[in-house]
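Here is how the chains run, residue by residue.
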Amino acid sequence: MEKLDFTYKNANYNAEFLIKILTILKDITKTEQFEIRLIEAVPNDQEEFMEEKGLFSQEVFDFNNLVRESHGIQVDFNKIVNILKQCRTVWEFSMSAAISDNEWIKVNLIEGDLFTIVHNEDNNIKSLFANFINNNEIIIEE
């Protein structure tokens, strides 16, 4: 197993970036199911969604609590993307996706900007993130 550590430059608005990471992982693993072990997500600014006030917050908070109380859950890709689209910031996140019966990709996020991806050497994860590196969105920790 290999580990890729990197920092995302805009921790206060990282939910959209996390969706991009999950999309890459979905493409690598060819799976629609992720195991979410931890999530601490912050809903979008309620002023922006005044006509639907409360809807966004409640679903995100309920999901945060469900994951916490269940000590992790299996989630469909579309469900987690739907939750993340309602957020601007994810402070803590831990998930994994199966490549095969004994092969996993794991993603951990702490403090909103410090990412770790643990993966099999066969998956050249770093090359998949080249666009983000070239655009100075992330800084690879050597």
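Provided above is the structure to which this section pertains.
Note that this is a predicted model, so its numbers are computed, not measured.

**Student:** Please clarify how the pairing of strand β4 (residues 87–100) should be interpreted in this entry.
**Tutor:** Both faces of the sheet carry side chains from a regular strand, because those side chains alternate between them. In this sheet, β4 lies alongside strand β2 (residues 33–43) in antiparallel orientation, the contact comprising eight bridges. Of the residues in β4, the one forming a bridge with valine 42 is threonine 89. Bridge count between β4 and strand β5 (residues 103–110): seven bridges; the pairing is antiparallel. In the strand pairing of β5, serine 100 is matched with glutamate 103.

**Student:** In this structure, what is going on with the side chain of threonine 89? I would like to understand it.
**Tutor:** Topologically, threonine 89 is positioned in strand β4. On the accessibility criterion, threonine 89 (1% relative accessible area) is buried. Beyond its immediate sequence surroundings of up to four residues, threonine 89 is in contact with Ala11, Asn12, Tyr13, Asn14, Ala15, Glu40, Ala41 and Val42.

**Student:** How should I be thinking about the packing of aromatic side chains in this particular structure?
**Tutor:** If you walk through the whole model with that rule in mind, you get five aromatic pairs. A centroid spacing of 5.0 Å and a plane angle of 5 degrees characterise the contact between phenylalanine 6 and phenylalanine 115, whose relative ring orientation is stacked. Of the two residues, phenylalanine 6 is situated in strand β1 (residues 2–8) and phenylalanine 115 in strand β6 (residues 114–119); the sequence distance between them amounts to 109 residues. Since its relative accessible area comes to 1%, phenylalanine 115 is described here as buried. Ring plane angle 55 degrees and centroid distance 5.9 Å describe the contact between phenylalanine 34 and phenylalanine 77, whose orientation is recorded as tilted. Of this pair, phenylalanine 34 sits in strand β2 while phenylalanine 77 sits in helix α3 (residues 77–85), and the two are 43 residues apart along the sequence. Each member of the pair phenylalanine 34 and phenylalanine 77 is classed as buried. Taken together through their ring pairs, the aromatic side chains of Phe6, Tyr8, Phe17 and Phe115 make up a single cluster.

**Student:** I keep staring at the nonpolar core and nothing clicks. Help me out?
**Tutor:** Across soluble globular proteins, nonpolar side chains have a tendency to be buried as a group. Of all hydrophobic cores here, the largest spans 41 residues; its most connected members are Phe6, Ile39, Ile80, Phe93 and Phe129. Of all the elements, helix α1 (residues 15–29) adds the most residues to this core, at nine residues. Contact partners of isoleucine 80, with chain neighbours within four places excluded, come to Leu22, Phe34, Ile36, Ile39, Phe63, Val75 and Phe93.

**Student:** Explanation requested: the packing of α1 against α3 in the structure shown.
**Tutor:** Relative orientation and spacing of two packed helices are given, respectively, by the angle between their axes and the distance between those axes. Direction vectors running N to C along α1 and α3 enclose 165 degrees, while the axes themselves pass 9 Å from each other. Considering their axes alone, α1 and α3 lie roughly antiparallel with respect to each other. At the point where α1 passes α3, the crossing takes the left-handed sense. Two secondary-structure elements touch here, α1 through Ala15, Leu18, Ile19, Leu22, Thr23 and Lys26 and α3 through Phe77, Ile80, Val81, Leu84 and Lys85. A breakdown of the residues in the contact of α1 with α3 according to their chemical character gives eight nonpolar, one polar and two charged.

Parameters and conventions
Residues numbered from 1 in each chain as written. Predicted model: local features only at pLDDT ≥ 70, side-chain atom pairs only at ≥ 80, totals over all residues. Heavy atoms only, no water. Pairing = 2+ DSSP bridges. Helix = DSSP H or I, 4+ residues; strand = E, 2+ residues; numbered from the N terminus. Buried < 20%, exposed > 50% of the residue type's maximum accessible area, 1.4 Å probe, protein only. Contact = heavy atoms within 4.5 Å. Phe/Tyr/Trp six-rings, centres within 6.5 Å; stacked < 30°, edge-to-face > 60°. Core = buried A, V, L, I, M, F, W, Y, C linked by side-chain atoms within 4.5 Å. Axes fitted to C-alpha atoms, helices over the stretch in contact; angles between N-to-C directions. Parallel < 35°, antiparallel > 145°, perpendicular 65-115°, else oblique. Left-handed = near helix turned anticlockwise from the far one by under 90°. Nonpolar A, V, L, I, M, F, W, Y, C, P; charged D, E, K, R; others polar.

Take it as geometry only, folks, not as evidence of what the structure does.
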